[in-house]
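Coordinates in review
One letter stands for each residue in the lines below.
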Amino acid sequence: ADSFLFSVSATQRNFRGRGQAISAIIQSTSRQQDYQFRFTEPKFQDRNLAAGLDLFATEYDYLDIAGYSNTSRGGGVRLGFPLADRMQLGLRYNLRQDDVTVQNEETVCADDNFFRSTLCDQLGNQVTSAFGYSLNRDRRNDPIDPTGGYYLSWSQDLAGLGGDVHYLRNEFRGTTYKGLWPGVTLSGTFS
């Protein structure tokens, strides 16, 4: 349906030799475009504080095959710092604007339409202003190739302090690792 895909990405985990992480992604098809940029400073203000900036823009045009199009633009800032040994707190703020268009809006979104699309509730320009945090506990014996221990993550996001969209999202994720014999590790994830 998209006929072609063009994708370019670049990532540098030690930008300018200072441990900074930077990445940029450009993807394009005949129906969608996706642009992303991320930057992380691991020692913000020469402290044990990581700070980051995220920017994105996406455009989806499926009017002729699915009857909708969507344009999203936004960005966010992040801070992360340790609370204790192997425990980290991350704070974030994201601001995004979505513009949704539905083909044949009068027919598809009529109140008496039994098959009324959920996209109808999202029509037009909507701004989402969301604050959030993540609490992570890492008790793995090796962060790259663990054979024992666990990793837990709890996060909450609250949208509605400004903007048009309101929600409270909670997420919990945990993974445990158990080495069975050399080279074989059993892991289980729940969320």
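Summarised in this report is the structure supplied together with it.

1. A look at the sheet that holds strand 8 (residues 148-163)
Strand order in the open sheet formed by ten strands is 1-2-3-4-5-6-7-8-9-10, and the pairing between neighbours is antiparallel. Of all strands in the sheet, those with a lone pairing partner are strand 1 (5-15) and strand 10 (184-190), marking the two edges. Taking each pair of neighbouring strands and ignoring which way they run, the sheet shows an average axis angle of 10°. Sheet topology places strand 9 (residues 167-181) next to strand 10; seven bridges connect them, and they run antiparallel. When the bridges of strand 10 are listed, Gly 174 appears paired with Phe 190.

2. Overview of the pairing of strand 5 (residues 68-84)
Pairing of strand 4 (residues 50-62) with strand 5 involves 13 bridges; the strand directions are antiparallel. Looking at strand 5, one finds that Asp 61 is bridged to Ser 69. Between strand 4 and strand 5, which pair antiparallel in sequence order, lie five residues; one of them, Gly 67, sits at a positive phi of approximately 85°. Sheet analysis places strand 5 next to strand 6 (residues 87-102), joined by 16 bridges and oriented antiparallel. Paired with Gly 76 across the two strands is Asn 94, which belongs to strand 6.

3. Considering the side chain of Asn 136
By the element assignment, Asn 136 lies in strand 7 (residues 124-138). A polar contact of 2.9 Å, which involves the side chain of Asn 136, links it to the side chain of Ser 153.

4. Here we look at the side chain of Asp 98
Summarising the element assignment, Asp 98 is placed in strand 6. By relative accessible area, which is 15% here, Asp 98 ends up buried. Of the polar contacts made by the side chain of Asp 98, one reaches the side chain of Arg 96; its length is 3.0 Å. With residues up to four places along the chain from it excluded, the contact list for Asp 98 reads Asn 70, Thr 71, Ser 72, Gly 124, Asn 125, Gln 126 and Thr 128.

5. Quick word on the packing of aromatic side chains
What the rule picks out here adds up to three aromatic pairs. Ring centres 4.6 Å apart and planes at 45° place the aromatic pair Tyr 93 and Phe 131 in the tilted group. Of this pair, Tyr 93 sits in strand 6 while Phe 131 sits in strand 7; the two residues are 38 residues apart in sequence, bridging distant segments of the chain. Look at Tyr 93 and you get partly exposed, because its relative accessible area is 25%. Between Phe 172 and Phe 190, the ring centres sit 5.7 Å apart and the planes meet at 35°, which makes this aromatic pair tilted.

Basis of the calculations
- Residues numbered from 1 in each chain as written.
- Predicted model: local features only at pLDDT ≥ 70, side-chain atom pairs only at ≥ 80, totals over all residues.
- Heavy atoms only, no water.
- Pairing = 2+ DSSP bridges.
- Helix = DSSP H or I, 4+ residues; strand = E, 2+ residues; numbered from the N terminus.
- Axes fitted to C-alpha atoms, helices over the stretch in contact; angles between N-to-C directions.
- Polar contact = N/O pair within 3.5 Å; in protein donor to acceptor, adjacent residues only side chain to side chain.
- Buried < 20%, exposed > 50% of the residue type's maximum accessible area, 1.4 Å probe, protein only.
- Contact = heavy atoms within 4.5 Å.
- Phe/Tyr/Trp six-rings, centres within 6.5 Å; stacked < 30°, edge-to-face > 60°.

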